[in-house]
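The residues making up each chain are set out below.
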Amino acid sequence: MHTLIVVSHPDRQSLTHHVARQLAEGIESTGGSIEIADLAAEGFDPRFTADDVAAFRQQGSVTEEIVAQHARIDRADTLVLVYPIYWWSMPAQLKGWIDRVFTQGWAYDADDDGRLVKKLQRLKVHLVAIGAGDMRTYARHGYFAAMRTQIDHGIFDFCGAEVLTSELLLQTPGEALSAELQNVSELGRKMGQV
């Protein structure tokens, strides 16, 4: 099994990168292979360009940059997104990666009758959001429901990809890492066994 881990954080010493590395180690311990796509280090441009609009309107082709991202995902059986929570959502760079990479014709399409065709049904997805604060705050504001609506359903279900896990890992400022954050390698082993 091959897993693509996409991480979006500009600081390689961040908790987000630490979690991505621990997940990778856990997945590799099950015999799986991994590739890490570090969007910040790679300088991925999240801006939806005129070329992207033309491709969406089927008046042009997707760029070579996006074709390369498609190939990365096509090589993977599993996609893992690891990201910090910024303003109750994912970072703009990761959202822009999804906007630009999950293109019509590749991730989804329409049949001759205009019905949705989900083209990523073979892909399994794990989401790992990392935030600060306590679970009560996230529950009080309905973050899990919002995350599942926006990301699980709005992005991945629309394309047919199955979201196997949506994890919310929290660190309360000034306190030690939560049990979930201390056992990230175990989470990676579980991901690697799917």
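No experiment lies behind these values; they were computed from the predicted model shown. (Residues numbered from 1 in each chain as written. Predicted model: local features only at pLDDT ≥ 70, side-chain atom pairs only at ≥ 80, totals over all residues. Heavy atoms only, no water.)

Enquirer: Account for the overall build of the protein chain, naming residues and giving values.
Expert: The secondary structure content of the protein chain amounts to nine helices and seven strands. For 194 residues, the compact-globule formula gives about 16 Å, and the C-alpha radius of gyration of the protein chain, at 17 Å, lands near that figure. Here the C-alpha coordinates of the protein chain stretch approximately 55 × 40 × 30 Å along the principal axes. Buried positions account for 44% of the 194 residues belonging to the protein chain. Side chains of the protein chain give 18 positive and 26 negative charges; the mean places of these two sets differ by 3 Å. (Helix = DSSP H or I, 4+ residues; strand = E, 2+ residues; numbered from the N terminus. Rg over C-alpha atoms; globule rule 2.2 N^0.38 Å. Buried < 20%, exposed > 50% of the residue type's maximum accessible area, 1.4 Å probe, protein only. Lys, Arg positive; Asp, Glu negative; His and termini not counted. Charge placed at Lys NZ, Arg CZ, Asp CG, Glu CD.)

Enquirer: Account for the sheet that holds strand β1 (residues 2-7), with residues named and values stated.
Expert: With respect to topology, five strands assemble into an open sheet ordered β2-β1-β3-β6-β7, the strand pairing being parallel. Looking along the sheet, the strands with just one partner apiece sit at the ends: β2 (33-38) and β7 (162-171). Averaged over all adjacent pairs, the angle separating strand axes in this sheet is 15 degrees, with direction ignored. Judged from the six bridges that link them, β1 and β2 form a sheet pairing that is parallel. Bridge pairing in β2 links Thr-3 to Ile-34. Sitting on the sheet, helix α1 (residues 15-28) touches β1, β2, β3 (78-84), β6 (124-132) and β7, and the angle it makes with β1 is about 175 degrees. (Pairing = 2+ DSSP bridges. Axes fitted to C-alpha atoms, helices over the stretch in contact; angles between N-to-C directions. Contact = heavy atoms within 4.5 Å.)

Enquirer: A description of the packing of α1 against helix α9 (residues 184-192) should follow, citing residues and the corresponding values.
Expert: Where α1 meets α9, the closest approach of the two axes is 7 Å, and the angle between their N-to-C directions is 50 degrees. By the angle between their directions, the pair α1 and α9 is classed as oblique. Here α1 and α9 pass one another in a crossing that is right-handed. When α1 is examined against α9, the residues Val-19, Gln-22, Leu-23, Glu-25, Gly-26 and Ile-27 are found in contact with a partner set consisting of Val-184, Ser-185, Leu-187, Gly-188, Arg-189, Met-191 and Gly-192. Of the residues assigned to the contact of α1 with α9, the class counts are six nonpolar, five polar and two charged. (Parallel < 35°, antiparallel > 145°, perpendicular 65-115°, else oblique. Left-handed = near helix turned anticlockwise from the far one by under 90°. Nonpolar A, V, L, I, M, F, W, Y, C, P; charged D, E, K, R; others polar.)

Enquirer: Let's hear about the pattern of salt bridges: which residues, and what values?
Expert: In this structure the tally under the stated criterion is 13 salt bridges. The partner of Arg-75 in a salt bridge is Glu-35, and the shortest N-O contact between them spans 3.3 Å. Placement of Arg-75 in helix α4 (residues 64-75) and of Glu-35 in strand β2 is noted, with a sequence separation of 40 residues between them. Exposure remark for Arg-75: the relative accessible area of 47% places this residue in the partly exposed category. Here Glu-35 falls in the buried class, since its relative accessible area comes to 18%. Between Arg-100 and Asp-52 there is a salt bridge, and its shortest N-O distance comes to 2.7 Å. You can see Arg-100 sitting in helix α5 (residues 92-101) and its partner Asp-52 sitting in helix α3 (residues 50-56), a full 48 residues away along the chain. Taking the relative accessible area as the measure of exposure, Arg-100 reaches 3% and is therefore buried. Each of Glu-35, Glu-42, Arg-72 and Arg-75 takes part in one network of salt bridges that share partners. (Salt bridge = Lys/Arg side-chain N within 4 Å of Asp/Glu carboxyl O.)

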